[in-house]
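# Working through the structure, step by step
Single-letter residue listing:
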Amino acid sequence: MTASKRQLAMVMDLNKCLGCHTCSIACKTLWSKDDGMEYMQFNTVNTIPGQGTPKDWETMGGGFDAQGNARPARLPSRKEYGDAWQFSHDELYYGGRGNSRHLEIKGDTPEWGPNWDEDQGGGVFPNAYYFYLPRICNHCTHAACKEACPRGAIEKREEDGIVTVNEDRCRGYRFCQAACPYKKIYFNHQKHVAQKCIFCFPRIDEGVAPACARQCPGRIRFVGYRDDQEAPIWKLVDKWKVALPLHPEYGTDPNVFYVPPIGPAMFDGSGDIDESRPRIPDEYLVGLFGPKVLDALATIKAEREKKRITGKSELMDLLIAYEWKNMFGGFDKDPSKVQVATIQWTRKR
Amino acid sequence: MSHSINTTRRHFLKAGAAGTLTLGLGLSNLQLANGATGKLPAAAKQYKHYQDVYRKKWTWDRVEVGTHTCLNCASGGCSWDLYVREGIVWREEQNAPYTQTNPTVPDYNPRGCQKGASASALYRSPARVRYPLKRVGARGENRWKRISWDEALNEVAKALVDTLSTRGGAGAYCENGNNSDFGPSWIAMIRFFRTLGIPVTENFGGVGDLMTGATLVLGNPVPGASSDDWFRTDYFVNWFGNPVSTRIPDAHFMTEARYRGAKIVSVTPDFSPSAIHADLWINPRPGTDAALALGACKVIIDDNLHDVPYIIEQTDLPLLVRTDTHQFLREIDVVAGGRKECFAWWDEKKRQVVWSTSSAEFEPAKRTLKLGADDHPALEPKEASIKLLSGKTVALRSGFSLLRDKLAAYDLASASKITGVNPKVIQRFAREFAQAKSAMIYAGAGMGKILHGELVQRATILLAAITGNNGRAGGGWQEMTFWELEGMMVSALYDHPSDLSLQDQAGFWGAFAAVGAEQAATPTYISGSLMMLTNGGSYDHQMNPKYNDPGLSRKPEEYLKEALAKGEIHNYPGPELGSPDLIFNMFGNPFRHNRMGDRLADTLFKKAKLVVDITLRMDDAARHSDILLPTAAPYEKLGFKYSIAYPPYLHLGDKAVAPLGEAKSDWEILSLLMERVSAEAKRRNITTVKTYRGVPHDLGQAYWRFSDKGRVGHTDDEKWMRLILKLSMATQGMTLEKLRANKGVMRYTGVSLLGGRMWCGTSDYKIDEPLIPYQDMVVKKKPWPTSTGRQQFYVDHPIYIEVGETLPMHKEPPMAGGSYPLQLTCGHTRWSIHTIWRDLDILLRLQRGEPVIFVNPGDAKSRGLGDNDYAAVHNDVGEFVARVKLTPTMRPGQVHIYHAWLANQFLTGKSNDAVCPSPVRVTNFAGKHGHLKSEVGWFDLTQNDRDTRVDLRKYAA
């Protein structure tokens, strides 16, 4: 395994995610409109507790065990991702069948989709709880997909650690798709290649932040190099330690981190406020982010109180993100100003 | 393109061995043409790497800056760039141009949401109408044939002249759904129908967004400020609203305020998407919010936490009420020739009645909220009395002492019983609210959509007022407000706006006076909610006493009849408008935004000979129309975004690309049409026709008037844009060129001097401060725009006295729709701005693809319903079918559906609006009472739906 020289990373603040899916659409309209890509959501946002995308992905294995051995895994099916349903607009609007038709989903009745269980959540009323969890490829330091590919078709860029599928080398074996414990690799059934989030490397190469990050109206996403101590990523992940990887036990060293969510107070049996324990159970968050999440939550609460009383807290100021441009670790160029790439589709002798 | 391909075997193998391009041909001699020279640009990168395929995906021909006037979005503007390839919009991305107001608040960037990000997909989608279409077969059958613009315009012009010459303006009307811009589109509609004397529906009340309670108390239905002010709050109460889903570009100010140490409270019966980011979720039983607010008020007053000086200066609570009539004491009662809108307090020291200088009819030069050095208004006077003109002496009580009596019914035990909220929670909430340095009640538009919403508004404003929060930075009762653009108003309403300039003040205000006179004779707007009630087929359900307040002593329809007899209702569309020959539809979908809107098919629409829909897309209204005229999408024409104050910036919606197909801008469509109307009138020698109110005008001259003496031609949309900038106080110094150079966005440079609907009560606008409302009153002591000149909680119109609502109170939600066990609530979806995006495939794939209803697992189980089952949701009014989503976030006894699904997205073609009887709020019929004036968009009948009672049963598809 060759480590990259530097590693780009993303932090997502789950206290600010609105579940709006602007990130999903930003990515979709940019990268995944081509043939075979219709069902792909490189960026997903799920309501959790929930079964996620693909359905029950956390039970599908992959990644590495504590000894570093590959864990058994299985491939998700198309149905488990949710297909790109086609609708009967033309028939409805022009077919001359009046009210006897409604807007139908063509083909099989869907049983799952990329946001099927939106706003359902867990718990029991009135102590129900949920939050939104956006996910992209984690561009792992120890990428299971990369190890799993027998053709070496998955590459990790030396300059920034972005993991990409070399679609020229890929022969569509799909070992990567099973090996990824986050199930963030899709298979293009028309082109027979694996495809996934590319961390918007064409934008990165031009100094522009990934679309999902830049377009997020909730201002939840930070971008930057792991080692850049001037930028928010290092401060949130390594200095303040409030941004944590999802399922660290999968053993792949992911480079997308999350600031854990804090929900409103619970109610006791009489309907009075019960502040003895959090609405989002600690065990649930530990199950997602590992035991360090409890320290992270404590730090956030303490710094919030400090900001409230004294008006000063470096951590709170980072998370508030007074100036939006500063969220992107230097990748703050305006995309409309970029010199568009022109590619010469020839090969020199 | 000429090329030679060397396909000898040697070259083929060479190419294959290198393994780069998969085309398998020796392409070294392949020349790609590029312009006239056939040469490649010097900087062209050599393809060497699969990654270049992705690089190539991220390319475009040009960027159009400052587009996307997402119609009718109440969050206000968001600035987008469009990336265009070969004349077609490929995708869009926010351009994030907003500079920080000042270093103490976060900046506005980036704004935008998933709807903006998929706007171009929507405008290219199958729902988009691209050509003029004419119905073939029966109405509603959805069989169409394409016709030319010529044919379409001629047919419509002929129908207009037929109708106007035989029935005048009363033979036609225009349904207006509010999904317009603040620019040439809205100007076009108003100029067109105003010139022809045809009424246009106004639907602020119709959709239920009109906050009549805010009109009553604050003298304005849309009081609010800029959203960066949310950041400065210490206690943010999100009441009845769901900003996480409905204020996507602004919600970050709330989540970031939380990191600043502010406490966030969400008041909502179910655990909503906004409650997840709160510190405290309070869940009153649906419709009992007034009891919660009043219970909190009682705690605060009993604990002496209320702000007495503020209450005395800024509210009507020290003013005196007669104990005999329950009306305010007025000068006219006591002094011969005295003033009606002149009210009094009791002076403690002088032991007498003193007339309040804040009163509406006090001498204008002396009107002020400022109290004199020896003014000592008593908040709760004992033994106050006065001798009336009649000679009788009457005891007087202050509004505050009457309020204290009223609040006795909302002690903690009672408030808890009504709301289902634990008394300790109510108490804690009240104390925290009162003791916060600044507390804000951010009122969701849902507050207008229950029958007793007006009372909830009054009660929650009271809570903000007695704690002195209205007017504090980061505080007060707020919802959305607009930045008034006089230039747009006068361009629409005045015949010759090109003659005007702000330098000629006399001319400018003279124009408004002329507008006033013309509107008085023939109001362009009629109330959309009253049109639906009177002529739309919903009367019986809306007037059913069983669905209304059981405490009413008369039938609901009696109140309407009485108000009409007294002439208290303005903009009333009577039965004489119930049989139009000709219906136009613009900017909306009346079948969807009206509760029971499906009935329009059998009433107004059935009676019309010709229905014309000027529309972007196919929807319920289009399907019931005869001629569809395709309108340009927002970035295919010029316009300004709704000038909502959340972002205090003007947003340009530039014309980025040519309209798709044969679409035209609204201005061009109506201009072409008007030209033909006048030409046809002249051809037939028709001169005088009458407006719908009987005012004669010359139809042959209509185009001359419409086009501002011929100065604004068919494709002169830009002239309106420039006129708006020139004639609005908020846009002085702005030009289209400067806007374009600034990514289509510029901070407002001033505030309007026009009072009225669109106002926030702050005229000293500082460009480097968040806008806080009500500063003119709280700081400058100018009177509030109410009769008393104060925040007015006591209402003494006879209807209010009759129904017991002189002061805010709680009234039980009615059993709207019948005696059924479940309450159906609704909320604005995150997935669409009303119906516009509702059926877009890439967004539907991120949901379940069809309408869903949220149900508590217990309620579902007892009805044999599992997740994703179809359920029939029914009551006495109607039925619809939707898929069930089980969720523990839903309160038992409550079921919830998000709004704006098109009727044809439902399995049986009936939407959730089909079960909502929208009982009439009888106080909406009041008028002619000081600032309580019946007026569309001000004080009008509001539709409601969130008290609807239903049951669910499993539905076999």
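No experiment lies behind these values; they were computed from the predicted model shown. Sequence order sets the numbering: in each chain, residues are counted from 1 along the sequence as written. A letter from A marks each chain and a number from 1 marks each ligand, given out in the order of writing. pLDDT decides what is reported in this predicted model: residues at 70 or higher carry local features, side-chain atom pairs at 80 or more are listed and counted, and totals for whole chains, interfaces and linings draw on all residues regardless. Just so you know, side-chain values use all the structure's heavy atoms and leave hydrogens and water out.

### A look at the overall build of chain A
Under the DSSP-based scheme used, a helix requires at least four consecutive residues in state H or I and a strand at least two consecutive residues in state E, with every element numbered from the N terminus. If you tally the helices and strands in chain A, you get 11 helices and 13 strands. Since a compact globule built from 349 residues should have a radius of gyration of about 20 Å, the 22 Å found for chain A is in line with a globular shape. With the C-alpha coordinates aligned to their principal axes, the bounding extent of chain A is approximately 65 × 60 × 45 Å. The proportion of buried residues among the 349 residues of chain A is 63%. Any pair of residues with heavy atoms lying within 4.5 Å of one another is described as a contacting pair. Contacts in chain A between residues at least 24 apart in sequence constitute 68% of all its contacts with a sequence separation of at least 6. Areas reported here follow the Shrake-Rupley algorithm with a probe of radius 1.4 Å; residue values treat only the protein chains shown as occluding. In the structure as shown, chain A presents an accessible area of about 13,000 Å², 49% of it carried by carbon and sulfur atoms. Computed over 48 positive and 46 negative side-chain charges, the separation of the two mean positions in chain A equals 5 Å. The globule rule used here is 2.2 Å times the number of residues to the 0.38 power, and the radius of gyration it is set against is calculated over C-alpha atoms. Whether a residue is buried, partly exposed or exposed follows from its accessible area with a 1.4 Å probe, protein chains only, as a fraction of its type maximum: under 20%, in between, or over 50%, in that order. His residues and chain termini do not enter the charge count, which takes Lys and Arg as positive and Asp and Glu as negative. For the purpose of locating charges, the reference atoms are NZ of Lys, CZ of Arg, CG of Asp and CD of Glu.

### Some remarks on the layout of surface pockets
Every definition here rests on a 1 Å grid over the protein atoms only: cavities are sets of points where a 1.4 Å probe fits but cannot get out, pockets are open sets enclosed by protein on both sides within 12 Å along at least five of seven lines, and lining residues have some atom within 4 Å of a point. Grid points are joined across faces, edges and corners, and a volume is the space filled by probe spheres set on the points. Volume-wise, the second largest pocket comes out at about 940 Å³. Along the wall of the second largest pocket there are 35 residues; nearest its centre are A:Arg304, A:Glu305, B:Ala262, B:Lys263 and B:Asp279. Elements that contribute at least two residues to the lining of the second largest pocket include exactly helix H9 (282-289) and helix H10 (292-310) of chain A together with helix H10 (251-260) and helix H16 (423-435) of chain B. At seven residues, H10(A) tops the list of elements feeding residues into the lining of the second largest pocket. Nonpolar residues are Ala, Val, Leu, Ile, Met, Phe, Trp, Tyr, Cys and Pro. Charged residues are Asp, Glu, Lys and Arg, and all others, Gly as well, are polar. The residue inventory of the lining of the second largest pocket, partitioned by class, reads 13 nonpolar, five polar and 17 charged.

### A short note on the side chain of B:Lys57
Relative to the elements of secondary structure, B:Lys57 occurs in helix H2 (residues 51-57). By relative accessible area, which is 13% here, B:Lys57 ends up buried. Any pair of nitrogen or oxygen atoms within 3.5 Å is treated as a polar contact; in protein, a donor-acceptor pairing is required on top of that, and neighbouring residues in sequence qualify only through side-chain atoms on both sides. Among the polar contacts made by the side chain of B:Lys57, one reaches the main-chain carbonyl oxygen of A:Trp31 at a distance of 2.8 Å. Ignoring any residue separated from it by four or fewer positions in sequence, one finds B:Lys57 in contact with A:Leu30, A:Trp31, A:Asp34, A:Met37, B:Arg85 and B:Trp90.

### Notes on the sheet that holds strand S17 (residues 439-443) of chain B
Hydrogen bonds between backbone groups are what pair the strands of a sheet, and the pairing can be parallel or antiparallel. Residues and elements named next belong to chain B. A sheet is described by the order of its strands in space; here five strands give the open sequence S11-S10-S9-S17-S18, paired in parallel fashion. Each of the sheet's edge strands pairs with one partner strand only, and the pair in question is strand S11 (280-282) and strand S18 (476-478). On average, each strand axis in the sheet is tilted by 20° relative to the strand beside it, whichever way the strands run. For strand S9 (residues 235-239) and S17, the ladder comprises five bridges, and the chain directions are parallel. Looking at S17, one finds that Phe236 is bridged to Met440. To define axes, lines are fitted to C-alpha atoms, for helices over the stretch in contact only, and angles between the resulting N-to-C directions are given on a 0 to 180 degree scale. Contacting S9, strand S10 (263-267), S11 and S17, H16 runs over the sheet at an angle of about 130° to S9. Pairing between strands is defined by DSSP: at least two bridges between them are needed.

### A few points about H10(B)
All names here are of chain B. When you tally the buried positions in H10, you get 10 out of 10 residues, the bulk of the element. Restricting attention to buried positions, one finds in H10 the residues Ala251, His252, Phe253, Met254, Thr255, Glu256, Ala257, Arg258, Tyr259 and Arg260. Looking one or two residues past H10, Gly261 carries a phi angle of roughly 110°, positive in sign.

### Some details on the sheet that holds strand S9 (residues 244-245) of chain A
Residue and element names in this part refer to chain A. Ordered in space as S8-S1-S10-S9, the four strands form an open sheet in which the pairing is mixed. Each end of this open sheet is capped by a strand with a single partner; those strands are strand S8 (221-225) and S9. As judged from the four bridges shared by strand S1 (residues 8-13) and strand S10 (residues 256-259), these two strands associate in the parallel manner. Residue Asp13 lies in a different strand from S10, and its bridge partner there is Val259. Along the sheet, helix H8 (residues 232-239) contacts S1, S8 and S10; its crossing angle with S8, the most-contacted strand, is approximately 95°.

### Here we look at the pattern of salt bridges
Residue and element names in this part refer to chain B. Any carboxyl oxygen of Asp or Glu within 4 Å of a side-chain nitrogen of Lys or Arg constitutes a salt bridge here. Per the stated rule, a full pass over the model turns up 104 salt bridges over all chains. Its salt-bridge partner being Arg330, residue Asp796 comes within 2.7 Å of it at the nearest N-O pair. On the criterion of sequence distance, the pair formed by Asp796 in the loop between helix H30 (775-778) and helix H31 (798-802) and Arg330 in the loop between strand S12 (320-322) and helix H13 (331-334) is long-range, its members being 466 residues apart. Take Arg330: its relative accessible area is 6%, and that puts it in the buried class. Asp764 is paired through a salt bridge with Lys780; the nearest N and O atoms lie 3.0 Å apart.

### Re the interface of chain B and chain A
Contacts between the two partners involve 130 residues from chain B and, on the opposite side, 119 residues from chain A. Buried area adds together the accessible area that both of two parts lose upon being put together, with accessible area traced by a 1.4 Å probe. For the pair chain B and chain A, the two sides together bury roughly 10,700 Å², of which 55% comes from carbon and sulfur. Of all residues in chain B, B:Trp58, B:Tyr259 and B:Arg845 give up the largest surface area on contact with chain A, accounting jointly for 9% of the area buried on that side. If you look at where chain B meets chain A, you find 13 salt bridges. Between A:Arg203 and B:Glu93 there is a salt bridge; the shortest N-O distance is 2.7 Å. Between chain B and chain A we count 62 residue pairs in polar contact (both at pLDDT 80 or more) in total.

### Observations regarding the nonpolar core
Grouped together as the largest cluster of nonpolar side chains are 223 residues, with contacts concentrated most on B:Leu160, B:Met189, B:Leu196, B:Phe640 and B:Leu699. The residues contacting B:Leu699, other than those within four sequence positions of it, are B:Val161, B:Leu164, B:Leu196, B:Val677, B:Ser678, B:Ala681, B:Ile686, B:Thr687 and B:Val689. Throughout, nonpolar core names a set of buried Ala, Val, Leu, Ile, Met, Phe, Trp, Tyr and Cys residues whose side chains join them through atoms within 4.5 Å.

### Some thoughts on empty space enclosed by the protein
All names here are of chain B. For the structure on display, the rule yields 17 cavities of 30 Å³ or more. Here the largest cavity is characterised by a volume of approximately 220 Å³. Residue lining of the largest cavity: 20 residues in total, with Asn179, Phe587, Gly588, Thr615 and Leu616 positioned closest to the centre. Elements represented by at least two residues in the lining of the largest cavity include exactly strand S20 (582-586) and strand S21 (610-615). When residues of the lining of the largest cavity are assigned to their parent elements, the largest contribution, three residues, is made by S21. Its residues placed into classes, the lining of the largest cavity shows eight nonpolar, seven polar and five charged. For the lining of the second largest cavity, the per-class residue count stands at six nonpolar, three polar and seven charged.

### Notes on the side chain of B:Arg848
Of note, B:Arg848 is situated in the loop between helix H32 (841-844) and strand S29 (852-855). Judged by its relative accessible area of 3%, B:Arg848 is buried. Once you skip the residues sitting within four places of it in the chain, B:Arg848 turns out to touch A:Trp85, A:Ile105, A:Trp116, A:Asp117, A:Gln120, B:Asp867, B:Asn868, B:Val884 and B:Lys885.

### What to know about the packing of aromatic side chains
Only Phe, Tyr and Trp rings take part, Trp by its six-membered ring, and two of them pair if their centres are within 6.5 Å. Stacked means planes under 30 degrees apart, edge-to-face means over 60, and tilted covers everything else. This structure, assessed with the given rule, holds 59 aromatic pairs over all chains. Taken together, a centroid distance of 6.3 Å and an interplanar angle of 35° make the contact between A:Trp57 and A:Tyr182 tilted. In this pair, A:Trp57 sits in the loop between strand S2 (44-48) and helix H2 (78-81) while A:Tyr182 sits in the loop between helix H5 (175-179) and strand S6 (185-188), placing the two residues 125 residues apart along the sequence. With a relative accessible area of 4%, A:Trp57 lands in the buried category. In this structure A:Tyr182 comes out as buried when scored by relative accessible area, which is 2%. Through a chain of ring-to-ring contacts, the aromatic side chains of A:Phe125, A:Tyr130, A:Tyr132, A:Phe267, B:Phe271 and B:Trp281 assemble into a single cluster.

### So, the environment of B:Pro892
Tracing the sequence through the fold places B:Pro892 in the loop between strand S31 (879-886) and strand S32 (894-898). In this structure B:Pro892 comes out as partly exposed when scored by relative accessible area, which is 46%. Once the C-alpha coordinates of B:Pro892 and B:Gln823 are considered, the two residues, 69 residues apart in sequence, prove to be 9.5 Å apart. If we skip the residues at most four places from it in the chain, B:Pro892 touches A:Phe125, B:Asn856 and B:Asp859.

### Things to note about the packing of helix H18 (residues 486-493) of chain B against helix H28 (residues 717-727) of chain B
All names here are of chain B. H28 packs onto H18 with a crossing angle of 125° between their chain directions and a minimal axis gap of 7 Å. The pairing of H18 with H28 is recorded here as oblique in orientation. Where H18 crosses over H28, the handedness of that crossing is right-handed. Mapping the contact onto sequence places Glu486, Gly487, Met488, Val490 and Ser491 in H18 and Trp720, Leu723, Ile724 and Leu727 in H28. When describing relative orientation, an angle under 35 degrees is termed roughly parallel and one over 145 degrees roughly antiparallel, while 65 to 115 degrees is termed roughly perpendicular and anything else oblique. By definition, any crossing whose near helix is turned counterclockwise from its far helix by less than a right angle is left-handed, and any crossing with a clockwise turn is right-handed.

The analysis is restricted to geometry; functional conclusions fall outside its scope.
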